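# Architecture at a glance
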Amino acid sequence: NRTSKITMEANKKFQAFAAYEAKGEIKDFSYVPISLKPDEVELRVESCGVCHSDLHQVHNDWGGANYPLVPGHEIVGTVEKIGAEVKELKVGMRVGVGPQTGSCESCHDCGRGEEQLCSAKIKSYNTATGDSQQPYTYGGFSKRLRVRAKWAFPIPEEIPSEYAGPLLCAGITTWTPFVHNKVRSGQKVGICGFGGLGHMAVQFAAKMGCKTYVITRSPNKKKEAEKFGATGFIVSADEKQMHSHARSFDFLLSTISGDGVVYEDFFKLLRPDGIFCCVGLPPKISFKPNLLVVNRLTFCGSYLASHSEIKNMLQFCAKHKVLPQIETLKMTAENANKALERVAKNSVRYRMVLVNN
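These notes cover the structure that comes with them. (Residues numbered from 1 in each chain as written. Predicted model: local features only at pLDDT ≥ 70, side-chain atom pairs only at ≥ 80, totals over all residues. Heavy atoms only, no water.)

## Focus on the nonpolar core
The biggest cluster of nonpolar side chains holds 46 residues, and the ones touching the most others in it are Phe178, Val189, Phe204, Phe251, Leu253, Met313 and Leu314. Going through the elements one at a time, helix H4 (161-180), strand E10 (188-192), helix H5 (198-207), strand E12 (232-235), strand E13 (249-254), strand E14 (270-278) and helix H10 (307-320) are the ones with two or more residues in this core. If one sorts the elements of this core by residue count, H4 sits on top with seven residues. Counting residues in each nonpolar core, the second largest holds 40 residues, with Cys48, Leu69, Val97 and Leu354 among its members. (Core = buried A, V, L, I, M, F, W, Y, C linked by side-chain atoms within 4.5 Å. Buried < 20%, exposed > 50% of the residue type's maximum accessible area, 1.4 Å probe, protein only. Helix = DSSP H or I, 4+ residues; strand = E, 2+ residues; numbered from the N terminus.)

Following this line, the structure appears as structure tokens:
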């Protein structure tokens, strides 16, 4: 009986949803996972957010996608099994898993606690495993998942599961720039672009005590921006409005991923020694360096978050009631396609989440 139980366990399939080819529809998918390792946990997936990068991966817009591809990196689930070496997590705990699920742990960046900058990082999906049984990591468009316990973060009870997933992507993406650049209470901060990332950034800046402005091309977003904590609103196409705020901002965070942006217009808003930080991914960025040089500005980027930053962000969100605005659909192949289509049309307000019953 024990032998047959072990055999059944080894052959147990996980049910998931995958794209089988570039630009292909999401369809039902099942696979036999790699055996649970001593430092891993098995999760019953409760929900998974749908990110614009999932769409890029499914379409292979960035190259390097491997199919079948199970997307999803805004994952929340309940621990159902733990490996022999796992100490910090217990069966029944609710945890979140973001875009990163591992690092080399031996490079300079891992050594200084900046695992998200590791060049050998493991992603929640589409990373080679070296195992023929499950050749790549598979993401959260799934019923179950196995992941290293170190990268499964306990979710504070104040945060509902369907809201927690987007915090592990949109949340950490917009939290880290404030922390790394030492943005502090009382500073004048501008959030460039107001969508899935922007509505999170506004909440962080406002709850940190910053004078928080939204800068966008869309004048009809003013009420929404104020609802999330913005104290000011600037229409970037209005030269008079932009000029009235010249040389007054300490920090600008750009969530813009579209092209055609005149970056010099934003640089004019920064006071000397100001910082312009990008978390959006436009196809191309181009500008003349004059304003950067003469005003000693900093132009930088930010990517994901370290272990400690993720934990701190979750605690901050629980304490200050910082949550994404979401729309939900039951997790099925059909709804996964609907969700990705909505994301492609930019019609989601502001994060889409697939929920398992």
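Structure shown, so let's carry the discussion forward.
## Some details on the layout of surface pockets
When its volume is computed, the second largest pocket comes out at roughly 460 Å³. Around the second largest pocket, the lining comprises 25 residues; the ones closest to its centre are Lys37, Glu40, Thr129, Thr137 and Arg146. For the lining of the second largest pocket, the secondary structure elements donating two or more residues are strand E7 (122-123) and strand E8 (144-148). Counting residues per element, the lining of the second largest pocket draws most heavily on E8, at four residues. By residue class, the composition of the lining of the second largest pocket is 10 nonpolar, eight polar and seven charged. (1 Å grid on protein atoms, 1.4 Å probe; cavity = no way out; pocket = protein on both sides within 12 Å on 5 of 7 lines; lining within 4 Å. Points joined across faces, edges and corners; volume = space filled by probe spheres on them. Nonpolar A, V, L, I, M, F, W, Y, C, P; charged D, E, K, R; others polar.)

## Comments concerning the sheet that holds strand E11 (residues 211-216)
With parallel pairing, six strands are arranged side by side in an open sheet as E12-E11-E10-E13-E14-E15. A single partner strand is all that each edge strand has here, and the edge strands are E12 and strand E15 (298-301). Direction aside, neighbouring strands of the sheet carry axes that sit 20° apart on average. Pairing geometry for E10 and E11, over five bridges, is parallel. When the bridges of E11 are listed, cysteine 192 appears paired with isoleucine 215. (Pairing = 2+ DSSP bridges. Axes fitted to C-alpha atoms, helices over the stretch in contact; angles between N-to-C directions.)

## Things to note about the packing of H4 against H5
Interaxial distance between H4 and H5 falls to 9 Å at its minimum, and their mutual angle equals 45°. Viewed along their axes, H4 and H5 adopt a mutual orientation that is oblique. Judged by the twist between their axes, the crossing of H4 over H5 is right-handed. Of H5, the residues touching H4 (which contributes Leu167, Ala170, Gly171, Thr174, Trp175 and Phe178) are Met200, Ala201, Phe204 and Ala205. Classifying every residue of the contact of H4 with H5 by side-chain character gives eight nonpolar, two polar and no charged. (Parallel < 35°, antiparallel > 145°, perpendicular 65-115°, else oblique. Left-handed = near helix turned anticlockwise from the far one by under 90°. Contact = heavy atoms within 4.5 Å.)

## Here we look at the packing of aromatic side chains
Scanning the model with the defined rule gives 23 aromatic pairs in all. With a centroid separation of 5.4 Å and an interplanar angle of 80°, the aromatic rings of tyrosine 213 and phenylalanine 249 are classed as edge-to-face. A residue pair is termed long-range when its members are at least 10 positions apart, and tyrosine 213 in strand E11 and phenylalanine 249 in strand E13 qualify at 36 residues. The class of tyrosine 213 is buried, set by a relative accessible area of 17%. Taking relative accessible area as the criterion, phenylalanine 249 reaches 0% and is therefore assigned buried. Centroid distance tyrosine 263 to phenylalanine 276: 5.9 Å. Interplanar angle 80°. Geometry classified as edge-to-face. Of this pair, tyrosine 263 sits in helix H8 (residues 263-267) while phenylalanine 276 is found in strand E14, placing the two residues 13 residues apart along the sequence. In this pair, the class of tyrosine 263 matches that of phenylalanine 276, namely buried. In textbook terms, an aromatic cluster arises when at least three aromatic residues are bridged by ring pairs, as seen for Tyr263, Phe266, Phe267, Phe276, Phe287 and Phe299. The side chain of lysine 188 reaches across the aromatic face of tyrosine 213, ending 4.8 Å from its centre. Directly above the aromatic system of phenylalanine 249 lies the positively charged group of lysine 188, at a separation of 4.5 Å from the ring centroid. (Phe/Tyr/Trp six-rings, centres within 6.5 Å; stacked < 30°, edge-to-face > 60°. Lys NZ or Arg CZ within 6 Å of the ring centre and 35° of its normal.)

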